[in-house]
Amino acid sequence: MANALIALGGNVGDVRATFKKAIVDICEMAQATLIARSSDYATPPWGNERQARFINACIEIDTARDPHALLSILQSIEQSFGRDRSKETRWGPRTLDLDLIAYDDVSLQGPRLTLPHPRLFARAFMLVPLAEIAPDRLIAGKSTRQALNEVSSEGIERLPEID
């Protein structure tokens, strides 16, 4: 089994309900065990700022799937929730965005997958929920807590729990 960290994001539709269903799908399709789930956070849009705020969260899973198979599963789940990467604007609105942040201590750099996620340390919207569930996890030699202390988390708000 490998340990993987996955970021969830979206700003179209009932994002929190989408997260709930998508996490179930991830666990089923990746034959994974959910280890931890962060709170949901309302975050300012990144890149294209002329759009609705996003909701972001992170999960930690154990899976027997290899990183490329896991990426394919995540992209399939995105599509099942209406995401069409071929028709969207970069950093634009989306129903569901699933990013593989880290997979054990694997380091990869390929055309389909780079691990750890290449822009993790610049994105507070990923680091805030990640630091909630794995503050001492080392990624590329840096703890998530340390990485979070190096970026601004202004405008990020933890959302209340829902049933």
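Structure's up top.
Thresholds, definitions, all that
- Residues numbered from 1 in each chain as written.
- Predicted model: local features only at pLDDT ≥ 70, side-chain atom pairs only at ≥ 80, totals over all residues.
- Heavy atoms only, no water.
- Buried < 20%, exposed > 50% of the residue type's maximum accessible area, 1.4 Å probe, protein only.
- Helix = DSSP H or I, 4+ residues; strand = E, 2+ residues; numbered from the N terminus.
- Pairing = 2+ DSSP bridges.
- 1 Å grid on protein atoms, 1.4 Å probe; cavity = no way out; pocket = protein on both sides within 12 Å on 5 of 7 lines; lining within 4 Å.
- Points joined across faces, edges and corners; volume = space filled by probe spheres on them.
- Nonpolar A, V, L, I, M, F, W, Y, C, P; charged D, E, K, R; others polar.
- Salt bridge = Lys/Arg side-chain N within 4 Å of Asp/Glu carboxyl O.
- Phe/Tyr/Trp six-rings, centres within 6.5 Å; stacked < 30°, edge-to-face > 60°.
- Lys NZ or Arg CZ within 6 Å of the ring centre and 35° of its normal.

A.B. asks: Quick question: what am I supposed to make of the pairing of strand β5 (residues 97-103) here?
C.D. replies: Looking down a regular strand, the side chains alternate between one sheet face and the other. Among the seven residues that make up β5, seven are buried, leaving the element largely enclosed by the rest of the structure. With six bridges connecting them, strand β1 (residues 2-10) and β5 associate as antiparallel partners. Each bridged residue has a counterpart across the sheet, and for A7 the counterpart in β5 is D99.

A.B. asks: Would you mind going over the layout of surface pockets with me for this structure?
C.D. replies: If you roll a probe as big as a water molecule over the atoms, it shows you where there is empty space left. Taken as a whole, the largest pocket encloses approximately 740 Å³ of empty space. As for the largest pocket, its lining consists of 35 residues, of which R85, D97, D99, H117 and R119 are closest to the centre. Elements represented by at least two residues in the lining of the largest pocket include exactly β1, β4 (54-63), α2 (67-80), β5 and α3 (124-133). Tallied by class, residues from the lining of the largest pocket come to 16 nonpolar, nine polar and 10 charged. A volume near 190 Å³ is recorded for the second largest pocket. Around the second largest pocket sit R16, A17, K20, R37, S38, S39, D40, L159, P160, E161, I162 and D163, which together line it. Taken together, the residues of the lining of the second largest pocket break down into four nonpolar, two polar and six charged.

A.B. asks: Can you help me understand the pattern of salt bridges in this one?
C.D. replies: Per the stated rule, a full pass over the model turns up six salt bridges. The closest approach of N and O atoms between R53 and E157, which form a salt bridge, is 3.5 Å. Residue R53 is located in the loop between β3 (41-43) and β4, and its partner E157 is located in strand β10 (residues 157-158); the two are separated by 104 residues in the primary sequence. The class for E157 is partly exposed, based on a relative accessible area of 46%. The residue D136 makes a salt bridge to R145 at a minimum N-O spacing of 2.5 Å.

A.B. asks: For this particular structure, what's the right way to read the pairing of β1?
C.D. replies: Among the nine residues that make up β1, nine are buried, leaving the element largely enclosed by the rest of the structure. Here β1 shows no split at all, with A2, A4, I6, L8 and G10 on one side and N3, L5, A7 and G9 on the other all buried.

A.B. asks: Is there a simple way to think about the packing of aromatic side chains in this case?
C.D. replies: How two aromatic rings sit relative to each other is given by the distance of their centres and the angle of their planes. Taken as a whole and judged by the stated rule, the model has zero aromatic pairs. A cation sits over an aromatic face here: K142 above F121, 4.9 Å from the ring centre.

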